[in-house]
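Overview (structure and organization)
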Amino acid sequence: MSPLASPALPGSCIKYLECSQTGERADAGTLQNLSPSGVPLLARYAEQQAAGTLRRNATVDRPASLWRYAEMLPPPGDAGPVTLDEGMTPLLAAPRLGARLGVRGLLVKDEGRNPLGSFKDRGMTVAVSMARALGARTLVIPTAGNAGGSAAAYAARAGLEVHVFMPADAEAANVAECRRAGAAPTLVDGYLNDCAKVAAERAREAGWFELSTFKEPYRVEGKKTLAYEVVEQLGGDIPDVILYPTGGGTGLVGMWKAFDELERLGWIGDERPRMICVQAEGCAPLVRAYLANADTATVWENPTTKVHGLRAPRVLADRLCLAAIRESHGTAVAVADSDMRAMQDLAGATEGLSVCPEGGACLAAIPELLARGDLDADERVAVFNTATALKYIP
Ligand SMILES: *Cc1c(COP(=O)(O)O)cnc(C)c1O
(Lines give C-alpha, C1' and ligand atoms only; values in the text may rest on other atoms or scores of the structure.)
Protein backbone atom coordinates (compact mmCIF):
# COMPACT_ATOMS: atom_id res chain seq x y z
CA MET A 1 0.00 0.00 0.00
CA SER A 2 1.13 3.53 -0.70
CA PRO A 3 2.37 5.39 2.39
CA LEU A 4 0.22 8.37 1.47
CA ALA A 5 -3.43 7.75 2.13
CA SER A 6 -5.11 7.46 -1.24
CA PRO A 7 -8.86 7.64 -1.68
CA ALA A 8 -10.57 4.26 -1.77
CA LEU A 9 -10.90 3.05 -5.33
CA PRO A 10 -14.22 1.98 -6.82
CA GLY A 11 -14.93 -1.74 -6.97
CA SER A 12 -14.19 -4.06 -9.86
CA CYS A 13 -16.83 -4.50 -12.56
CA ILE A 14 -15.58 -7.95 -13.55
CA LYS A 15 -18.33 -10.36 -14.64
CA TYR A 16 -16.66 -13.64 -15.46
CA LEU A 17 -13.77 -15.30 -17.25
CA GLU A 18 -14.26 -16.59 -20.76
CA CYS A 19 -12.48 -19.28 -22.77
CA SER A 20 -10.78 -17.34 -25.58
CA GLN A 21 -11.71 -20.06 -28.07
CA THR A 22 -15.13 -21.46 -27.13
CA GLY A 23 -16.60 -18.59 -25.10
CA GLU A 24 -17.33 -21.02 -22.28
CA ARG A 25 -17.51 -19.15 -18.97
CA ALA A 26 -15.45 -19.68 -15.84
CA ASP A 27 -15.79 -18.24 -12.35
CA ALA A 28 -13.63 -15.18 -11.70
CA GLY A 29 -13.97 -15.80 -7.96
CA THR A 30 -11.80 -18.93 -7.81
CA LEU A 31 -8.23 -19.74 -8.84
CA GLN A 32 -8.12 -20.56 -12.55
CA ASN A 33 -5.48 -21.66 -15.00
CA LEU A 34 -6.30 -22.58 -18.63
CA SER A 35 -9.86 -23.14 -19.85
CA PRO A 36 -11.19 -26.72 -20.15
CA SER A 37 -10.16 -26.51 -23.84
CA GLY A 38 -6.59 -25.82 -22.74
CA VAL A 39 -6.42 -22.22 -23.98
CA PRO A 40 -6.17 -18.85 -22.17
CA LEU A 41 -9.10 -17.45 -20.22
CA LEU A 42 -9.87 -13.75 -20.63
CA ALA A 43 -11.68 -11.51 -18.12
CA ARG A 44 -14.91 -9.77 -19.13
CA TYR A 45 -16.37 -6.70 -17.43
CA ALA A 46 -19.56 -4.68 -17.24
CA GLU A 47 -18.22 -1.61 -19.08
CA GLN A 48 -21.54 0.24 -18.91
CA GLN A 49 -21.38 0.10 -15.14
CA ALA A 50 -17.65 0.93 -15.07
CA ALA A 51 -18.22 3.95 -17.32
CA GLY A 52 -20.25 5.57 -14.52
CA THR A 53 -17.08 6.30 -12.55
CA LEU A 54 -14.18 5.46 -14.88
CA ARG A 55 -14.24 8.53 -17.10
CA ARG A 56 -11.04 9.51 -18.85
CA ASN A 57 -10.80 12.85 -17.10
CA ALA A 58 -11.84 11.50 -13.71
CA THR A 59 -8.74 9.43 -13.03
CA VAL A 60 -6.46 12.40 -12.22
CA ASP A 61 -7.17 12.19 -8.49
CA ARG A 62 -6.45 8.49 -8.36
CA PRO A 63 -3.19 6.77 -7.36
CA ALA A 64 -0.36 7.02 -9.89
CA SER A 65 -0.39 3.27 -10.44
CA LEU A 66 -2.25 1.00 -12.81
CA TRP A 67 -4.76 0.28 -10.03
CA ARG A 68 -6.34 3.64 -10.94
CA TYR A 69 -8.30 1.59 -13.49
CA ALA A 70 -9.79 -0.54 -10.68
CA GLU A 71 -13.21 -0.91 -12.29
CA MET A 72 -11.61 -2.70 -15.26
CA LEU A 73 -9.30 -4.90 -13.21
CA PRO A 74 -10.16 -7.94 -11.05
CA PRO A 75 -10.98 -7.32 -7.36
CA PRO A 76 -7.90 -7.74 -5.15
CA GLY A 77 -10.01 -8.27 -2.03
CA ASP A 78 -10.19 -6.48 1.32
CA ALA A 79 -6.42 -6.52 1.81
CA GLY A 80 -6.10 -4.36 -1.31
CA PRO A 81 -3.67 -4.92 -4.17
CA VAL A 82 -0.13 -6.20 -3.72
CA THR A 83 1.50 -3.13 -5.19
CA LEU A 84 4.78 -1.25 -5.45
CA ASP A 85 3.11 1.54 -7.45
CA GLU A 86 3.71 0.10 -10.90
CA GLY A 87 2.57 1.59 -14.19
CA MET A 88 1.87 5.24 -15.04
CA THR A 89 5.21 5.33 -16.81
CA PRO A 90 6.02 8.30 -19.04
CA LEU A 91 5.14 8.39 -22.72
CA LEU A 92 8.06 10.39 -24.04
CA ALA A 93 8.34 12.16 -27.39
CA ALA A 94 11.64 11.17 -29.02
CA PRO A 95 12.09 13.64 -31.90
CA ARG A 96 15.87 13.34 -32.30
CA LEU A 97 15.73 9.54 -32.36
CA GLY A 98 12.68 9.66 -34.63
CA ALA A 99 14.52 11.91 -37.10
CA ARG A 100 17.39 9.42 -37.27
CA LEU A 101 14.98 6.55 -37.91
CA GLY A 102 12.80 8.46 -40.40
CA VAL A 103 9.56 9.01 -38.45
CA ARG A 104 8.26 12.35 -37.19
CA GLY A 105 5.95 11.27 -34.38
CA LEU A 106 8.00 8.80 -32.37
CA LEU A 107 6.79 8.11 -28.82
CA VAL A 108 8.50 5.85 -26.31
CA LYS A 109 6.52 4.35 -23.45
CA ASP A 110 9.32 3.92 -20.93
CA GLU A 111 8.57 0.79 -18.97
CA GLY A 112 12.03 0.77 -17.42
CA ARG A 113 10.54 3.08 -14.77
CA ASN A 114 8.57 0.28 -13.16
CA PRO A 115 9.53 -0.87 -9.62
CA LEU A 116 11.70 -3.79 -10.70
CA GLY A 117 12.71 -2.13 -13.96
CA SER A 118 10.50 -3.97 -16.43
CA PHE A 119 6.89 -4.06 -17.52
CA LYS A 120 6.54 -7.57 -16.06
CA ASP A 121 5.61 -5.70 -12.85
CA ARG A 122 2.27 -4.78 -14.44
CA GLY A 123 1.31 -8.40 -14.83
CA MET A 124 2.66 -9.47 -11.47
CA THR A 125 0.89 -6.85 -9.34
CA VAL A 126 -2.44 -8.11 -10.68
CA ALA A 127 -1.65 -11.84 -10.83
CA VAL A 128 -0.08 -11.98 -7.35
CA SER A 129 -2.86 -9.84 -5.85
CA MET A 130 -5.46 -12.22 -7.24
CA ALA A 131 -3.53 -15.36 -6.31
CA ARG A 132 -3.39 -14.12 -2.71
CA ALA A 133 -7.01 -12.96 -2.67
CA LEU A 134 -8.21 -16.32 -4.02
CA GLY A 135 -6.21 -18.37 -1.52
CA ALA A 136 -3.04 -19.53 -3.28
CA ARG A 137 -0.18 -20.06 -0.85
CA THR A 138 2.73 -21.18 -2.98
CA LEU A 139 3.37 -19.83 -6.47
CA VAL A 140 5.55 -21.10 -9.30
CA ILE A 141 6.80 -19.34 -12.41
CA PRO A 142 8.88 -20.30 -15.43
CA THR A 143 10.64 -17.23 -16.79
CA ALA A 144 13.22 -15.96 -19.24
CA GLY A 145 14.28 -13.55 -16.50
CA ASN A 146 12.31 -10.37 -15.85
CA ALA A 147 9.06 -12.11 -14.92
CA GLY A 148 10.96 -14.14 -12.32
CA GLY A 149 12.49 -11.10 -10.65
CA SER A 150 9.15 -9.41 -10.66
CA ALA A 151 7.27 -12.45 -9.31
CA ALA A 152 9.86 -12.82 -6.54
CA ALA A 153 9.39 -9.19 -5.46
CA TYR A 154 5.59 -9.23 -5.51
CA ALA A 155 5.46 -12.57 -3.72
CA ALA A 156 7.74 -11.12 -1.03
CA ARG A 157 5.47 -8.08 -0.78
CA ALA A 158 2.48 -10.42 -0.39
CA GLY A 159 4.17 -12.75 2.09
CA LEU A 160 3.83 -15.69 -0.31
CA GLU A 161 6.35 -18.29 -1.38
CA VAL A 162 7.35 -18.48 -5.05
CA HIS A 163 9.47 -21.00 -6.97
CA VAL A 164 11.25 -19.56 -10.00
CA PHE A 165 12.53 -21.67 -12.94
CA MET A 166 14.94 -19.79 -15.21
CA PRO A 167 17.31 -20.72 -18.06
CA ALA A 168 20.88 -21.19 -16.79
CA ASP A 169 22.12 -18.44 -19.11
CA ALA A 170 19.61 -15.82 -17.85
CA GLU A 171 20.78 -12.26 -17.21
CA ALA A 172 22.75 -11.99 -13.95
CA ALA A 173 20.54 -9.09 -12.84
CA ASN A 174 17.47 -11.34 -12.96
CA VAL A 175 19.10 -14.10 -10.93
CA ALA A 176 20.28 -11.53 -8.38
CA GLU A 177 16.90 -9.86 -7.99
CA CYS A 178 15.23 -13.21 -7.34
CA ARG A 179 17.80 -14.10 -4.68
CA ARG A 180 17.45 -10.69 -3.09
CA ALA A 181 13.69 -11.20 -2.82
CA GLY A 182 14.21 -14.55 -1.15
CA ALA A 183 13.36 -16.74 -4.13
CA ALA A 184 16.59 -18.43 -5.24
CA PRO A 185 15.81 -19.47 -8.83
CA THR A 186 16.25 -23.02 -10.08
CA LEU A 187 18.49 -22.75 -13.15
CA VAL A 188 17.34 -25.04 -15.96
CA ASP A 189 19.57 -26.22 -18.77
CA GLY A 190 17.31 -25.12 -21.62
CA TYR A 191 14.97 -22.40 -22.83
CA LEU A 192 11.78 -20.83 -21.49
CA ASN A 193 9.61 -23.70 -22.79
CA ASP A 194 11.87 -26.19 -20.98
CA CYS A 195 11.48 -24.17 -17.77
CA ALA A 196 7.72 -24.17 -18.31
CA LYS A 197 7.68 -27.96 -18.58
CA VAL A 198 9.61 -28.42 -15.32
CA ALA A 199 7.51 -25.79 -13.52
CA ALA A 200 4.24 -27.42 -14.64
CA GLU A 201 5.40 -30.85 -13.42
CA ARG A 202 6.46 -29.49 -10.05
CA ALA A 203 3.23 -27.50 -9.75
CA ARG A 204 1.17 -30.63 -10.37
CA GLU A 205 3.13 -32.67 -7.80
CA ALA A 206 3.22 -30.02 -5.09
CA GLY A 207 -0.08 -28.20 -5.66
CA TRP A 208 1.61 -24.87 -6.41
CA PHE A 209 -0.29 -22.20 -8.34
CA GLU A 210 1.17 -21.52 -11.79
CA LEU A 211 1.79 -17.94 -12.88
CA SER A 212 3.10 -18.84 -16.36
CA THR A 213 2.26 -16.43 -19.18
CA PHE A 214 -1.43 -16.85 -20.12
CA LYS A 215 -1.76 -19.92 -17.87
CA GLU A 216 -3.54 -17.72 -15.37
CA PRO A 217 -5.92 -14.97 -16.50
CA TYR A 218 -4.65 -11.84 -14.74
CA ARG A 219 -1.13 -11.06 -15.94
CA VAL A 220 -2.69 -10.01 -19.23
CA GLU A 221 -5.10 -7.77 -17.31
CA GLY A 222 -2.16 -5.93 -15.78
CA LYS A 223 -0.48 -5.60 -19.17
CA LYS A 224 -3.58 -4.25 -20.86
CA THR A 225 -3.27 -1.07 -18.76
CA LEU A 226 -0.48 -0.05 -21.17
CA ALA A 227 -3.25 0.90 -23.60
CA TYR A 228 -5.35 2.66 -20.93
CA GLU A 229 -2.36 4.79 -20.01
CA VAL A 230 -1.40 5.63 -23.59
CA VAL A 231 -4.96 6.80 -24.34
CA GLU A 232 -5.05 8.78 -21.08
CA GLN A 233 -1.64 10.31 -21.82
CA LEU A 234 -2.64 11.26 -25.38
CA GLY A 235 -5.79 12.96 -24.12
CA GLY A 236 -8.14 10.42 -25.69
CA ASP A 237 -6.18 9.88 -28.92
CA ILE A 238 -4.55 6.67 -30.01
CA PRO A 239 -1.23 6.17 -31.81
CA ASP A 240 -1.43 5.14 -35.48
CA VAL A 241 0.94 2.27 -34.91
CA ILE A 242 2.10 0.24 -31.93
CA LEU A 243 5.45 -1.56 -32.05
CA TYR A 244 5.56 -4.28 -29.43
CA PRO A 245 8.51 -6.61 -28.67
CA THR A 246 6.69 -9.92 -28.52
CA GLY A 247 7.62 -12.99 -26.52
CA GLY A 248 4.54 -14.61 -25.00
CA GLY A 249 2.41 -11.74 -26.28
CA THR A 250 0.67 -10.53 -23.11
CA GLY A 251 1.08 -6.87 -24.01
CA LEU A 252 -0.01 -7.39 -27.60
CA VAL A 253 -3.12 -9.35 -26.63
CA GLY A 254 -3.77 -7.20 -23.57
CA MET A 255 -3.66 -3.91 -25.45
CA TRP A 256 -5.79 -5.24 -28.30
CA LYS A 257 -8.39 -6.35 -25.74
CA ALA A 258 -8.10 -2.98 -23.97
CA PHE A 259 -8.95 -0.92 -27.06
CA ASP A 260 -12.31 -2.71 -27.32
CA GLU A 261 -12.91 -2.08 -23.62
CA LEU A 262 -11.96 1.59 -24.01
CA GLU A 263 -14.44 1.93 -26.85
CA ARG A 264 -17.22 0.45 -24.71
CA LEU A 265 -16.19 2.80 -21.88
CA GLY A 266 -16.57 5.71 -24.28
CA TRP A 267 -12.91 6.79 -24.08
CA ILE A 268 -12.27 6.22 -27.82
CA GLY A 269 -14.29 5.53 -30.96
CA ASP A 270 -13.84 2.63 -33.34
CA GLU A 271 -10.39 3.75 -34.46
CA ARG A 272 -7.56 1.32 -33.68
CA PRO A 273 -3.78 1.36 -33.95
CA ARG A 274 -2.06 -1.14 -36.21
CA MET A 275 -0.43 -3.69 -33.90
CA ILE A 276 3.03 -4.62 -35.10
CA CYS A 277 4.65 -7.66 -33.56
CA VAL A 278 8.45 -7.41 -33.38
CA GLN A 279 10.50 -10.55 -32.71
CA ALA A 280 14.13 -11.64 -32.93
CA GLU A 281 15.43 -13.31 -36.10
CA GLY A 282 16.73 -16.08 -33.85
CA CYS A 283 13.27 -16.81 -32.36
CA ALA A 284 10.32 -15.63 -34.42
CA PRO A 285 7.47 -18.14 -34.18
CA LEU A 286 4.78 -15.49 -34.62
CA VAL A 287 6.47 -13.79 -37.57
CA ARG A 288 6.81 -17.18 -39.25
CA ALA A 289 3.15 -18.02 -38.62
CA TYR A 290 1.99 -14.58 -39.77
CA LEU A 291 3.92 -14.85 -43.04
CA ALA A 292 2.60 -18.39 -43.60
CA ASN A 293 -0.96 -17.15 -43.09
CA ALA A 294 -1.38 -19.64 -40.26
CA ASP A 295 -3.73 -19.31 -37.27
CA THR A 296 -1.32 -20.97 -34.88
CA ALA A 297 2.44 -20.89 -34.34
CA THR A 298 4.68 -23.93 -34.06
CA VAL A 299 7.54 -24.18 -31.57
CA TRP A 300 10.74 -22.45 -32.70
CA GLU A 301 13.44 -25.10 -32.29
CA ASN A 302 16.94 -24.12 -31.16
CA PRO A 303 16.44 -20.38 -30.72
CA THR A 304 19.66 -18.44 -31.26
CA THR A 305 18.77 -14.96 -29.98
CA LYS A 306 20.55 -13.86 -26.82
CA VAL A 307 17.75 -11.40 -26.03
CA HIS A 308 15.87 -13.24 -23.32
CA GLY A 309 12.59 -11.33 -23.37
CA LEU A 310 12.18 -12.35 -27.01
CA ARG A 311 13.34 -15.94 -26.56
CA ALA A 312 9.92 -17.55 -26.17
CA PRO A 313 9.95 -20.57 -28.51
CA ARG A 314 6.40 -21.68 -27.70
CA VAL A 315 3.55 -19.16 -27.74
CA LEU A 316 0.55 -20.37 -25.76
CA ALA A 317 -1.60 -17.43 -26.89
CA ASP A 318 -0.58 -17.80 -30.54
CA ARG A 319 -4.16 -17.55 -31.89
CA LEU A 320 -4.83 -14.39 -29.90
CA CYS A 321 -1.55 -12.77 -30.98
CA LEU A 322 -2.10 -13.56 -34.65
CA ALA A 323 -5.71 -12.35 -34.47
CA ALA A 324 -4.60 -9.03 -32.93
CA ILE A 325 -2.03 -8.50 -35.69
CA ARG A 326 -4.49 -9.31 -38.49
CA GLU A 327 -7.61 -7.63 -37.12
CA SER A 328 -5.64 -4.43 -36.54
CA HIS A 329 -4.14 -4.58 -40.07
CA GLY A 330 -0.73 -4.72 -38.46
CA THR A 331 2.17 -6.91 -39.42
CA ALA A 332 5.05 -8.90 -37.94
CA VAL A 333 8.76 -8.38 -38.39
CA ALA A 334 11.96 -9.99 -37.13
CA VAL A 335 15.20 -8.13 -36.42
CA ALA A 336 18.79 -9.14 -35.69
CA ASP A 337 20.25 -9.03 -32.16
CA SER A 338 23.08 -6.79 -33.38
CA ASP A 339 20.57 -4.22 -34.66
CA MET A 340 18.72 -4.26 -31.32
CA ARG A 341 21.94 -3.49 -29.49
CA ALA A 342 22.89 -0.74 -31.94
CA MET A 343 19.51 0.86 -31.22
CA GLN A 344 20.18 0.81 -27.46
CA ASP A 345 23.20 2.99 -28.19
CA LEU A 346 21.36 5.23 -30.66
CA ALA A 347 18.50 5.82 -28.18
CA GLY A 348 21.03 6.67 -25.50
CA ALA A 349 23.08 8.97 -27.72
CA THR A 350 20.14 10.87 -29.23
CA GLU A 351 17.70 11.04 -26.32
CA GLY A 352 19.42 9.80 -23.17
CA LEU A 353 16.98 6.92 -22.99
CA SER A 354 17.85 3.70 -21.14
CA VAL A 355 16.58 1.16 -23.64
CA CYS A 356 16.66 -2.63 -23.28
CA PRO A 357 17.46 -4.84 -26.28
CA GLU A 358 13.76 -5.73 -26.62
CA GLY A 359 12.87 -2.04 -26.85
CA GLY A 360 15.77 -1.69 -29.28
CA ALA A 361 14.11 -4.37 -31.43
CA CYS A 362 11.09 -2.11 -31.97
CA LEU A 363 13.31 0.81 -32.94
CA ALA A 364 15.32 -1.42 -35.29
CA ALA A 365 12.10 -2.46 -37.01
CA ILE A 366 11.22 1.12 -38.02
CA PRO A 367 13.56 1.55 -41.04
CA GLU A 368 12.54 -1.89 -42.31
CA LEU A 369 8.82 -1.10 -41.98
CA LEU A 370 9.28 2.26 -43.75
CA ALA A 371 11.12 0.54 -46.60
CA ARG A 372 8.37 -2.06 -46.96
CA GLY A 373 5.63 0.58 -46.97
CA ASP A 374 4.17 -0.80 -43.74
CA LEU A 375 4.79 2.52 -41.97
CA ASP A 376 4.52 6.13 -43.05
CA ALA A 377 6.98 8.83 -41.95
CA ASP A 378 4.11 11.05 -40.77
CA GLU A 379 2.42 8.49 -38.56
CA ARG A 380 2.41 8.57 -34.77
CA VAL A 381 4.36 5.52 -33.67
CA ALA A 382 4.40 4.23 -30.09
CA VAL A 383 7.33 2.03 -29.17
CA PHE A 384 7.32 0.02 -25.95
CA ASN A 385 10.65 0.06 -24.17
CA THR A 386 9.81 -2.86 -21.93
CA ALA A 387 12.74 -2.64 -19.47
CA THR A 388 15.65 -0.51 -18.34
CA ALA A 389 19.04 -1.09 -19.96
CA LEU A 390 20.44 -1.56 -16.43
CA LYS A 391 19.16 -5.13 -16.37
CA TYR A 392 21.46 -6.03 -19.26
CA ILE A 393 25.04 -5.21 -18.43
CA PRO A 394 27.11 -7.01 -21.09
C1 LIG B 1 8.85 -10.52 -21.21
C2 LIG B 1 9.47 -9.42 -21.98
C3 LIG B 1 9.05 -9.10 -23.27
C4 LIG B 1 7.98 -9.88 -23.99
O5 LIG B 1 6.75 -9.69 -23.37
P6 LIG B 1 5.53 -10.68 -23.65
O7 LIG B 1 4.40 -10.07 -22.95
O8 LIG B 1 5.93 -12.00 -23.12
O9 LIG B 1 5.34 -10.71 -25.12
C10 LIG B 1 9.62 -8.00 -23.88
N11 LIG B 1 10.58 -7.28 -23.28
C12 LIG B 1 11.03 -7.56 -22.04
C13 LIG B 1 12.09 -6.72 -21.46
C14 LIG B 1 10.49 -8.64 -21.34
O15 LIG B 1 10.93 -8.91 -20.12
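Keep in mind it's a predicted model, so treat the numbers as computed, not measured. (Residues numbered from 1 in each chain as written. Predicted model: local features only at pLDDT ≥ 70, side-chain atom pairs only at ≥ 80, totals over all residues. Heavy atoms only, no water.)

**Thoughts on the domain arrangement of the protein chain**
The test is simple: Start and end positions for the domains come from either an automated domain assignment or a database one. A contact between two residues is defined here by any heavy atoms of the two lying within 4.5 Å. Summed over both partners, buried area is the accessible surface (1.4 Å probe) that two parts give up on being assembled. Salt bridges are defined as contacts in which a side-chain nitrogen from Lys or Arg sits within 4 Å of a carboxyl oxygen from Asp or Glu. What qualifies as a polar contact is a pair of N or O atoms within 3.5 Å, subject to a donor-acceptor requirement within protein and to the restriction that residues adjacent in sequence count only when both atoms come from side chains. The secondary structure listing takes helices from DSSP runs of H or I that are at least 4 residues long and strands from runs of E that are at least 2 residues long, numbered from the N terminus. When residues are grouped by polarity, Ala, Val, Leu, Ile, Met, Phe, Trp, Tyr, Cys and Pro land in nonpolar, Asp, Glu, Lys and Arg in charged, and all others, Gly among them, in polar.
On domain assignment, one finds that the protein chain holds domain 1 (3-72), domain 2 (91-118 + 220-392) and domain 3 (120-210). On a C-alpha basis, the centroid separation for the pair domain 2 and domain 3 is 24 Å. Contacts between domain 2 and domain 3 engage 24 residues on the former and 22 residues on the latter. Buried surface at the junction of domain 2 and domain 3, summed over both partners, amounts to about 1900 Å²; 51% is from carbon and sulfur atoms. At the boundary of domain 2 and domain 3, one finds 4 salt bridges. Put simply, Lys391 and Glu177 hold a salt bridge, and the shortest N to O gap is 2.9 Å. Linking domain 2 with domain 3 are 11 residue pairs in polar contact (both at pLDDT 80 or more), by the criterion used here. Among the elements that line the side of domain 2 that touches domain 3, the one with the most residues is helix H7 (residues 219-233), at 6 residues. Among the residues making up the side of domain 2 that touches domain 3, the classes are represented as 9 nonpolar, 7 polar and 8 charged.

**Observations concerning the sheet that holds strand S7 (residues 161-167)**
Our working rule: The pairing criterion for strands is at least two bridges between them, as found by DSSP.
Spatial strand order, S8-S7-S6-S9: 4 strands in an open sheet with parallel pairing. Looking at the sheet topology across the chains shown, the edges are occupied by strand S8 (186-188) and strand S9 (209-210). One ladder, built from 3 bridges, connects S7 with S8; its direction is parallel. Paired with Pro167 across the bridge in S8 is Val188.

**Description of the environment of Arg204**
With respect to the helices and strands, Arg204 occurs in helix H6 (residues 192-206). Residues Arg204 and Met72 lie 132 residues apart in sequence; the distance between their C-alpha atoms is 31 Å.

**Section: the packing of helix H11 (residues 337-351) against helix H12 (residues 357-372)**
For the record, the criterion: Axis definition: a line fitted to C-alpha atoms, over the contacting stretch in the case of helices. Angles run 0 to 180 degrees between N-to-C directions. Any angle that falls under 35 degrees is termed roughly parallel, while one over 145 is termed roughly antiparallel, one within 65 to 115 roughly perpendicular, and all others oblique.
The contact between H11 and H12 brings their axes to 7 Å, and the two run at 95 degrees. Of the possible angle classes, the one that applies to H11 and H12 is roughly perpendicular. When H11 is examined against H12, the residues Asp339, Met340, Arg341, Met343, Gln344 and Ala347 are found in contact with a partner set consisting of Pro357, Gly360, Ala361, Leu363 and Ala364. Here the residues of the contact of H11 with H12 are counted per class, giving 7 nonpolar, 2 polar and 2 charged.

**Quick notes on the packing of aromatic side chains**
Rule in force here: Paired rings are identified among Phe, Tyr and Trp, the last through its six-membered ring, by centres lying within 6.5 Å, and are further divided according to the angle between planes into stacked (under 30 degrees), edge-to-face (over 60) and tilted (the rest). Three labels apply to residues, based on accessible area from a 1.4 Å probe with only protein chains included: buried if under 20% of the type maximum, exposed if over 50%, partly exposed otherwise in between. Geometrically, a lysine NZ or arginine CZ counts as sitting over a ring once it is within 6 Å of the ring centre and also within 35 degrees of the ring normal.
Summed over the entire model, instances satisfying the criterion amount to 5 aromatic pairs. On the basis of an interplanar angle of 50 degrees and a centroid distance of 5.1 Å, the ring pair of Tyr69 and Tyr228 is categorised as tilted. With Tyr69 in the loop between helix H1 (47-50) and strand S4 (91-93) and Tyr228 in helix H7, this pair connects stretches of sequence that are 159 residues apart. You can call Tyr228 buried: its relative accessible area is 1%. Between Tyr228 and Trp267, the ring centres sit 5.9 Å apart and the planes meet at 65 degrees, which makes this aromatic pair edge-to-face. Here Tyr228, found in helix H7, pairs with Trp267, found in the loop between helix H8 (250-265) and strand S11 (274-280); they are 39 residues apart in sequence, far enough to count as distant. Classification of Trp267 as buried rests on a relative accessible area of 7%. Three or more aromatic residues joined by ring pairs make a cluster, and in this case those are Tyr69, Tyr228 and Trp267. Cation over ring: Arg25 sits above Tyr16, and NZ or CZ is 3.8 Å from the ring centre. Directly above the ring of Phe119 sits Lys223, whose terminal nitrogen or CZ lies 3.8 Å from the centroid.

**Remarks on the site of the ligand**
The test is simple: Throughout, the term near means that a residue has one or more heavy atoms lying within 4 Å of the molecule or strand in question.
The environment of the ligand is made up of 17 residues, and the closest members are Lys120, Gly247, Gly249, Thr250 and Thr386. Tyr244 places a side-chain nitrogen or oxygen 2.8 Å from an oxygen atom of the ligand. Here an oxygen atom of the ligand sits 2.8 Å away from a polar atom, N or O, in the main chain of Gly247. Here the residues of the shell around the ligand are counted per class, giving 5 nonpolar, 9 polar and 3 charged.

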